[in-house]
Amino acid sequence: MDTIRAHLRDLPFFAQLDEATIDAVADVSIWQSIAGGWELFSQGSDSEALHFNLFGRLIVVRKSRDDDEGEEVVGYVRGGEPVGEMSILSGEPHSASVYALRDTELLSIPRKDVERLIQKHGAFAAALARIVLDRTRHPQASFQQAAPRIFALIATSPAVDPNALAKKLADKIASYKLNVTWFPAGETAPESKEFDLTEKAHDVVLLAAKIDHSPWYRFVQRHADRFLVLARRDARPSKPFPLTLEAGARARKFRLVDLIMLHEGAYSGATGEWIDAIGASRVINCRGGACYDRLARIIAGKSIGLVLSGGGARAYAHIGAIKAMREKGVPIDFVCGASMGAVVAACVAIGWPQEEMENRIREAFVASNPLGDHVLPVVALTKGERVETRLEKHFDDIKIEDLSVPYFCVSSDVVDGSARIHRTGKLRDALRASIALPGILPPVVDDNSLLVDGAVVNNFPTDIMTGSHRGLTIGVDVAREGVINVDDFRNPSGFFSWMMEHGWSEAPPIVSLLMRAATARRERFDPPRPADIMIAPQAPGVELRDWKKFEAAVSDGYEAAQKAIEAHWDTLEPIVGAP
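Just so it is clear, the structure is predicted and the values come from calculations on it, not from any experiment.

Asker: Looking at this structure, I do not really get the pattern of salt bridges. What am I missing?
Answerer: If the charged atoms of two oppositely charged side chains come close together, the side chains can form a pair. Scanning the model with the defined rule gives 21 salt bridges in all. The shortest N-O distance in the salt bridge between Arg57 and Asp225 comes to 3.0 Å. Of this pair, Arg57 sits in strand S4 (residues 57-63) while Asp225 sits in the loop between helix H9 (215-223) and strand S12 (226-232), placing them 168 residues apart in sequence. Comparing Arg57 with Asp225 shows no difference in burial state: the two are buried.

Structure (structure tokens):
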């Protein structure tokens, strides 16, 4: 009982309570352990107790509203926090399920005793009410407070040395002024309480491990917040992959897993095989030393994600913005885009240097109108053959999961009005969908889905990017305003008159109208998860269909990015300047 009292006094919840109340709680508390992967309680079940997490980590999961069989993560519960208080106070069944992500120790107070404590100890009731109010007001706080802290480096081959990588990453992470430690593969597994103290004393803990049946590997499986699976391209994954203990199979899909693809040895299997085998949410391809710098930033929460909006020819401004970032040494660890922003982002993800990127964009879009193969419209104003030919020429059969920089792009499914996020598969197919402006390019048919330009649903996917990493998000938006000339629509001439004056080489004003209709979203409202650093090139005089005005747009993007980088240099410099 004295041990329980000592633990209660260490918890923030009980720091505000008097000794009599703490004694009353200790008298009715039950100390229990729950193994990593086990369920504490399920959604819809009756509330039987209030729980306090002493050591470990819990995850809160709710059935998805959009998918009868799917589940979504609601939040996390770290050591010292209560769970189950909502159902206790409301008298209703649990609104979500709770699992142990790692070995966890709890103090549980039976429901009848909680009710008695509320009645007899006002301070206890007030503290519980404050917890409920705080979580109601700040529903995302548990995501921010429970960022991954324990990272497992899992070697899948005898040729991979996880200890060497752990040491290298620890040194790099320490350069960001973080307190980091690491455990070598084959270490003697510590007690959960001892390890919990280690976690609390450090910002980052790295666990090196090799796949075997040792107590250490089982410990790593139970305690890591995020798994970094180190795979060589000359090897293929075992199936099923031994990443999670059988007891934790039900919670496995909630574990965060990254595939670190080491490009060593002869090519054997597809990256997609590894993604499927381990359930990877991200892929980081390692082709040189820059990859390990990226990994260190990702683990340290210092990564930089770049988001490029759609905007037709105005997207040339993205090229200038990227040039400014590269000149100042601002790293790009993740990149994404919609529509033409997706095309420029793909150039970055492939790893093309500035000159090659500019030359390829010039050839594909500036040398001749990419939307010049006009037809009498049935599903679109153009055949789309020019666009498809150029995508094939420049992006060939490259797959998204093999890109040098982690990448995704967005298209829109007009059948159900949802955004389609392309993270795997052939890059040019994803780009073709992302730039399929309704009415201008034919849509992409994918089974029972009809995919069109990403701008229709999400032209500036900062929300998706900020949910994909824990660092800074930089957004470049070229489609805010000034993208269409109103005078083109005052007393317009007829079709044949316009063609006689301008010819077939120039797109008629309807193209600008359709492009703007696709990108004219709710720009006056702040997105739910905006960029940390916003760059908004004006590109005056450059309309959506002005494919020849390359230099003007690039120059404006460069200047806008320079100003933004200078304004936020205090934030960027610690990342750029880290060794």
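Okay, back to it.
Asker: Explain a nonpolar patch on the surface to me, please; I cannot follow it from the model alone.
Answerer: Among the surface-exposed residues, Val414, Val415, Val456 and Val457 lie close enough to one another that they form a single nonpolar patch of about 300 Å² accessible area. As for its position among the elements, Val457 is in helix H17 (residues 455-458).

Asker: Explain the packing of helix H1 (residues 2-10) against helix H2 (residues 19-28) to me, please; I cannot follow it from the model alone.
Answerer: With their axes 9 Å apart at the nearest point, H1 and H2 run at an angle of 125° to one another. The angle between the axes of H1 and H2 places the two elements in the oblique class. Relative to H2, H1 is oriented so that their crossing is right-handed. Of the residues in H2, those in contact with Ile4, Arg5, Leu8 and Arg9 of H1 are Glu19, Ile22, Asp23, Val25, Ala26 and Asp27.

Asker: Teacher, can you tell me more about the environment of Ile440 here?
Answerer: Residue placement: Ile440 occurs in the loop between helix H16 (427-434) and strand S19 (444-446). Along the sequence, Ile440 and Thr382 sit 58 residues apart, while their C-alpha atoms lie 5.8 Å from each other.

Asker: Would you mind showing me how to read the packing of helix H12 (residues 316-327) against helix H14 (residues 354-366) here?
Answerer: Two numbers describe a pair of packed helices, the interaxial angle and the distance between the axes. Remark: H12 packs on H14, axes separated minimally by 11 Å, with the N-to-C direction vectors making an angle of 175°. Between H12 and H14, the angle is such that the two are roughly antiparallel. Counting all contacts with H12, which are made through Tyr316, Ile319, Ile322, Lys323 and Arg326, the residues of H14 involved are Gln354, Met357, Glu358, Ile361, Phe365 and Val366. Considering only residue class, the contact of H12 with H14 consists of seven nonpolar, one polar and three charged.

Asker: How should the nonpolar core be read in this particular structure?
Answerer: In a soluble, globular protein the nonpolar side chains are often hidden away together inside. In this structure, Leu306, Tyr316, Phe395, Tyr407, Leu427, Leu431 and Ile474 are the most contacted members of the largest nonpolar core, which totals 65 residues. At 10 residues, the largest contribution of residues to this core is made by helix H13 (residues 340-350). Discounting chain neighbours no more than four positions away, the residues touching Phe395 are Val343, Ala346, Cys347, Ile350, Trp352, Leu427, Arg428 and Leu431.

Asker: Mind showing me how you'd approach the state of the cysteines here?
Answerer: According to the stated counting rule, one finds one disulfide in the structure shown. The disulfide partner of Cys286 is Cys291, and the S-S distance across this bridge is 1.8 Å. Just as Cys286 is buried, Cys291 falls in that class too.

Asker: Mind showing me how you'd approach the packing of aromatic side chains here?
Answerer: To describe a pair of aromatic rings, one takes the distance between the centres and the angle between the planes. In the structure shown here, the tally under the stated rule is 13 aromatic pairs. With a centroid separation of 5.1 Å and 90° between ring planes, the pair formed by Phe195 and Phe219 is classed as edge-to-face. Of this pair, Phe195 sits in helix H8 (residues 192-200) while Phe219 is found in helix H9, placing the two residues 24 residues apart along the sequence. Accessibility classification places Phe195 together with Phe219 in one group, the buried group. Put simply, the rings of Phe13, Phe14, Phe52 and Phe124 touch in pairs and so form one group of aromatic residues. Between Arg57 and the ring centre of Tyr76, over which it is positioned, the NZ or CZ distance is 4.3 Å. The ring of Phe408 has Arg423 sitting right over it, with the charged end atom 4.7 Å from the ring centre.

Analysis parameters
- Residues numbered from 1 in each chain as written.
- Predicted model: local features only at pLDDT ≥ 70, side-chain atom pairs only at ≥ 80, totals over all residues.
- Heavy atoms only, no water.
- Salt bridge = Lys/Arg side-chain N within 4 Å of Asp/Glu carboxyl O.
- Helix = DSSP H or I, 4+ residues; strand = E, 2+ residues; numbered from the N terminus.
- Buried < 20%, exposed > 50% of the residue type's maximum accessible area, 1.4 Å probe, protein only.
- Patch = residues over 30% accessible without salt bridge, like charges linked within 9 Å, V, L, I, M, F, W, Y side chains within 5 Å.
- Areas by Shrake-Rupley, 256 points an atom, 1.4 Å probe, with all protein chains shown as cover.
- Axes fitted to C-alpha atoms, helices over the stretch in contact; angles between N-to-C directions.
- Parallel < 35°, antiparallel > 145°, perpendicular 65-115°, else oblique.
- Left-handed = near helix turned anticlockwise from the far one by under 90°.
- Contact = heavy atoms within 4.5 Å.
- Nonpolar A, V, L, I, M, F, W, Y, C, P; charged D, E, K, R; others polar.
- Core = buried A, V, L, I, M, F, W, Y, C linked by side-chain atoms within 4.5 Å.
- Disulfide = S-S within 2.5 Å.
- Phe/Tyr/Trp six-rings, centres within 6.5 Å; stacked < 30°, edge-to-face > 60°.
- Lys NZ or Arg CZ within 6 Å of the ring centre and 35° of its normal.

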